[in-house]
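Take a look at the letters that make up each chain.
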Amino acid sequence: MPLLAVENLTKRFGGIVANEDVAMAVEAGEILGLIGPNGAGKSTFFATVAGFLKPDGGRVTFAGQDVTGFTPERLCRLGMSRTFQIVRPFLDMTVLENVEVGAYLQTADRKLARKQAEETISFMGLEPKAGALGKELTIADKKRLEMARALATQPKLLLLDETMAGLTQTEVQDAVALVQRTRERGVTIILVEHVMEVVMSLSDRVVVLDGGRKIAEGRPADVVRQPDVIKAYLGDKYHA
Amino acid sequence: MTGVVLTQAILSGLLWGAIFALIALGLTMIFGVMDIVNFAHGDFLMVAMYVAYTANAYLRMDPLLAIPLVAGLMYLLGIVVYRYIIKRVLEAPSVAQITVTFGLGIAFRALAHFVFSADYRQVQHPWVEGRVQFAGIVLGAPELVAAVGALLMTALLYWFITKTETGWALQAVAQNKQAAALMGINVDRFFGVAWGLGLGALGVAGALLANFYYIHPDVGAIFGGIAFVTVALGGFGSIQGALVAGLIIGLVESLAGVFISPQLKYAFVFSIYLLVVFIRPKGLMGTT
Amino acid sequence: MPFRNRSVVLGGVGLAVLLAIPLVVTQPHPQHVLIMIFLYALMGIAWNLVGGYAGQVSFGHAVFFGTGAYTTTLLMTKAKISPIIGMFAGGVVAAGIALIIGWGCFRLAGHYFAIATFTVGQMVQIIATQWKYIGAAVGVYVPLDRQYQWWLTLQFKSKAGFYYVALLLLGAGLWLCWQIGRNRLGAYFRAIKGDPEAARSLGIDIFRQKLYALMISAFVMAVVGGVFAQYVLFIDPASVFDGALSIKVALVAVLGGAGSLWGPVLGAAVLIPLNEYTSVMLGSSGSGLDLLLYGVLIVVVSVYQPDGLAGLWDRLFGARGRILREKKVTADAAARS
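Residues numbered from 1 in each chain as written. Chains lettered and ligands numbered in written order. Predicted model: local features only at pLDDT ≥ 70, side-chain atom pairs only at ≥ 80, totals over all residues. Heavy atoms only, no water.

Here the focus is the overall build of chain B. Helix and strand counts for chain B come out as 11 helices and two strands. Starting at the N terminus and ending at the C terminus, chain B contains elements arranged as α-α-α-α-β-β-α-α-α-α-α-α-α. Oriented by its inertia axes, the alpha-carbon framework of chain B measures out at about 60 × 50 × 35 Å. Looking at chain B as a whole, 56% of its 288 residues qualify as buried. Considering only intrachain contacts with a sequence separation of at least 6, the fraction spanning at least 24 residues in chain B is 76%. For chain B, the accessible surface area stands at approximately 12,000 Å², while carbon and sulfur atoms represent 65% of it. (Helix = DSSP H or I, 4+ residues; strand = E, 2+ residues; numbered from the N terminus. Buried < 20%, exposed > 50% of the residue type's maximum accessible area, 1.4 Å probe, protein only. Contact = heavy atoms within 4.5 Å. Areas by Shrake-Rupley, 256 points an atom, 1.4 Å probe, with all protein chains shown as cover.)

In structure tokens:
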């Protein structure tokens, strides 16, 4: 049974159909990449699955339970966490405090939460910055913090929204390593990414959206050769 | 006989409703354009009333004649308040924005106390006084004039916002400051204009009220409270909402006062407000 | 470590001074002012839970204060129950009312919420003024305990007794907020204030947390109301459901520094004496200058120091006042201390 199963997901904004009949399944332990040209509906899909938007049609099943339309906080408690494309750290709280907020999901005990937060911070390599305020961090560190915070909730499924955007080459490499290590800890991951090399190297499977619909699915090497995918990104003139 | 009483109550309520609407207009406009709730709104109305009173007492100007003067002075006051105080808290936490206007209200109230003392004042020998009678219904003439004046002013402002370039600029700023700025609109200047217009509208309302209402330093309190409820009911930022809500509140206040209990009438106004807002948190026609 | 020792010593000295004050300052009026400072500081702290931490500005807190005053007093007059128990009963009733108000109003954003609390406050005052069972506009006299069995009735022969009770309550309130601040509730409040959407993505049910904040806040307000009733021995809707009280409480917290633990104490220490002494100095002839000063002070603080006096304290003296935050290991803090 897949950890996450999405069927016929549709989301409209007035006259615009951002997602149309999108279906996919994610198995536990997978890293699934979600790609597509700008405006394909990736972020909308994420937001809908994660509960920030209510779907206009379709169904989302998580760990065997129908969670369609559940609020983000409820989904988080069931084991689904997400990061945001435009990072949202708690600016006036320290890195440690930020991550503690995540850790508190699993425990009400102050000391346990701190311990869990410290573990997560060291896992993410943020130790030197533990006492810095959210607003004092660099963009790369903010992204790391975002991920650390989500990880502290001990999710089964983590939705990463364009974590690599705006990072330098070295930073990207570090981030990729982090994602891999996270999966090794047993977290299933769906990532939305524009940086192709990242998606291709990280993902076990890839789903391609274009114009709100799913146009391809499969292993990265296979998907990238499909004419529909090439056309979506580059237009009619190119082929494999 | 209740038919007459009912009609009387309804007309009286609509009359006051129009006045409430004009008072609420400034509040909703300022909020619509810059997301600031002016908690001193009632006290600025009080200031306008005192200005009208002063013009009457020392320049022998009839309040109705003084409307342009009062409105103009209040407009300038609005610009000054914006430029020297409000502008500095635009980037501050919203708590600071709330308290700064609060502080202003307290300061103006205290100033009025100091200059005019707590005595109730009244304009002497206004042009319009006395009553209007028809079909068994009695309405105060100045109240009627005030209501008509309020409606005219509301219509004028509505026309201004929707049909002039300045009005369009204000709407642009209200909807998207950054985009407006990119279009070359001097957002700062229009924030000032919003304040000017907001207080200017109060100037008109104040002059109209000064015609017949007792003036004292705390007179702003109840009007301010009603203004808030009106704006919240009609929806922050909506001029039509302010008009509709003002009329509703005027009606509720009047009908409740006549048919249920004068002491409880405000409780009714407030509970209607709470009821509507519970069902529609953004008010009847709220935009933001 | 020296920092720790220093503040413990300072705290001890401060406490000793506070305890000794009534022995030195024996005139009733200064004692009254101090009692008011403590009570308003405590109410400011209560207000802070909702307004500062959770970020919802309330202009109707007098509802809870009045509930406490009336519950305590009515339990005394109608059932002969000691106000010490009555205080807590009042707290529970107020928390229940908070649940209703919060449930209805928390779906309203920022300004709408503030106005809604203001209207609820006005409504409660109007209804209380008409409600015969609780004495309507006439009010209720608190039964005077002629034997001054203060352990039962919290009524003292001199103000000194009230001073210690108020100080004790303030201490308890500070302790409570300190505990809230360092545990999950406090972390969740700050998260909600910082970024509500991010907070939701971490599993925080914003609505529920705000309800908790309001209920605790209401409980504390009611306890203060109960004590106040024993202090003034007469309550009526005009005094205990007063909109001006709601506003004063909010101003104490905001002026002192919403979102910091000690802020309201500073705020009360400045605002209450200002209130009390200027109206004495300038006379109650209504010259209004005391209020003018009040208003100007609020404007100035809002514009130049939105963090309130606590923020100013921070800037001048370092991180001493901020018990809400871990000691920062940044260059900033190092340079300051």
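Moving on, there is more to tell.
Here the focus is the interface of chain C and chain A. Contact with chain C, which involves 24 residues of that partner, is made by 30 residues of chain A. On inspection of chain C and its partner chain A, the count reaches two salt bridges. Between A:Glu73 and C:Arg200 there is a salt bridge, with its nearest N and O atoms 2.9 Å apart. The interface formed by chain C and chain A contains six residue pairs in polar contact (both at pLDDT 80 or more). The set of elements that each furnish at least two residues to the side of chain C that touches chain A consists of helix H8 (184–194) and helix H9 (196–201) of chain C. Considering every element that reaches the side of chain C that touches chain A, the biggest residue donor is H8(C), with six residues. (Salt bridge = Lys/Arg side-chain N within 4 Å of Asp/Glu carboxyl O. Polar contact = N/O pair within 3.5 Å; in protein donor to acceptor, adjacent residues only side chain to side chain.)

Let us look at the environment of B:Gly184. Counting through the fold element by element, B:Gly184 comes out in the loop between helix H7 (177–182) and helix H8 (187–210). Residue classification places B:Gly184 among the exposed residues on the basis of a relative accessible area of 62%.

This paragraph deals with the pattern of salt bridges. Two side chains that carry opposite charge are able to pair once their charged atoms sit near each other. Residue and element names in this part refer to chain A. As enumerated under the stated definition, the model contains 20 salt bridges over all chains in all. With its nearest N and O atoms 2.6 Å apart, the salt bridge here joins Glu30 to Arg205. Taken as a pair, Glu30 in the loop between strand S2 (16–26) and strand S3 (31–35) and Arg205 in strand S9 (residues 205–210) lie far apart in primary sequence, 175 residues in all. Here Glu30 and Arg205 have matching classes, each one buried.

It is worth spelling out the environment of C:Trp151 at this point. All names here are of chain C. One can find Trp151 in helix H6 (residues 150–153). Its relative accessible area of 53% is what places Trp151 among the exposed residues. It is 9.2 Å that separates the C-alpha atoms of Trp151 and Ser82, two residues lying 69 residues apart in sequence.

Residues and elements named next belong to chain A. Strand order in the open sheet formed by four strands is S2-S1-S4-S5, with antiparallel pairing between adjacent strands. Unpaired on one side and paired on the other, S2 and strand S5 (65–66) mark the two borders of the sheet. Of the pairings in the sheet, the one linking strand S1 (residues 4–13) to S2 comprises seven bridges and is antiparallel in character. Within S2, the position partnered with Val6 by the bridge is Met24. The strands touched by helix H1 (residues 42–49) are S1 and S2; relative to S1, the strand with the most contacts, the crossing angle is about 115 degrees. (Pairing = 2+ DSSP bridges. Axes fitted to C-alpha atoms, helices over the stretch in contact; angles between N-to-C directions.)

Residues and elements named next belong to chain A. Judged by pairing direction, the sheet is mixed, and its six strands sit side by side in the order S6-S7-S8-S3-S9-S10 without closing on themselves. Of all the strands in the sheet, just strand S6 (80–82) and strand S10 (213–218) have a single pairing partner and so form its edges. Averaged over all adjacent pairs, the angle separating strand axes in this sheet is 20 degrees, with direction ignored. Relative to S9, S3 is paired through four bridges, and the arrangement is parallel. The partner of Ile35 across the bridge, within S9, is Val208. Together, S3, S9 and S10 form the strand contacts of helix H9 (residues 227–234), whose direction differs from that of S10 by roughly 125 degrees.

It is worth spelling out the arrangement of the chains at this point. Contact analysis covers two pairs of chains in contact, and the most contacts occur between chains B and C. In this structure chain A stays clear of chain B, and the shortest span between their C-alpha atoms is 13 Å.

Quick look at helix H4 (residues 83–105) of chain C now. Taking 1.5 Å as the rise per residue, H4(C) with 23 residues should run 33 Å; its terminal C-alpha atoms sit 31 Å apart, in good agreement. Among all positions in H4(C), only C:Pro83, C:Gly86, C:Met87, C:Gly90, C:Gly91, C:Ala94, C:Ala95, C:Ala98, C:Ile101, C:Gly102, C:Gly104 and C:Cys105 are buried. Residues of H4(C) that are buried sit in contact with helix H11 (265–279) of chain B together with helix H3 (62–79), helix H5 (110–130), H6 and helix H10 (206–232) of chain C. Two to three positions downstream of the cap, the backbone nitrogen of C:Ile84 sits 3.0 Å from a side-chain oxygen, assigning the N-cap of H4(C) to C:Ser82. (Expected span 1.5 Å × (residues − 1).)

Another aspect to go through is helix H3 (residues 95–103) of chain A. Of all nine residues in H3(A), nine are buried; the element is thus mostly enclosed. Turning to H3(A), its buried residues number three or more, namely A:Val95, A:Leu96, A:Glu97, A:Asn98, A:Val99, A:Glu100, A:Val101, A:Gly102 and A:Ala103.

Coordinates in, geometry out; function isn't part of it.
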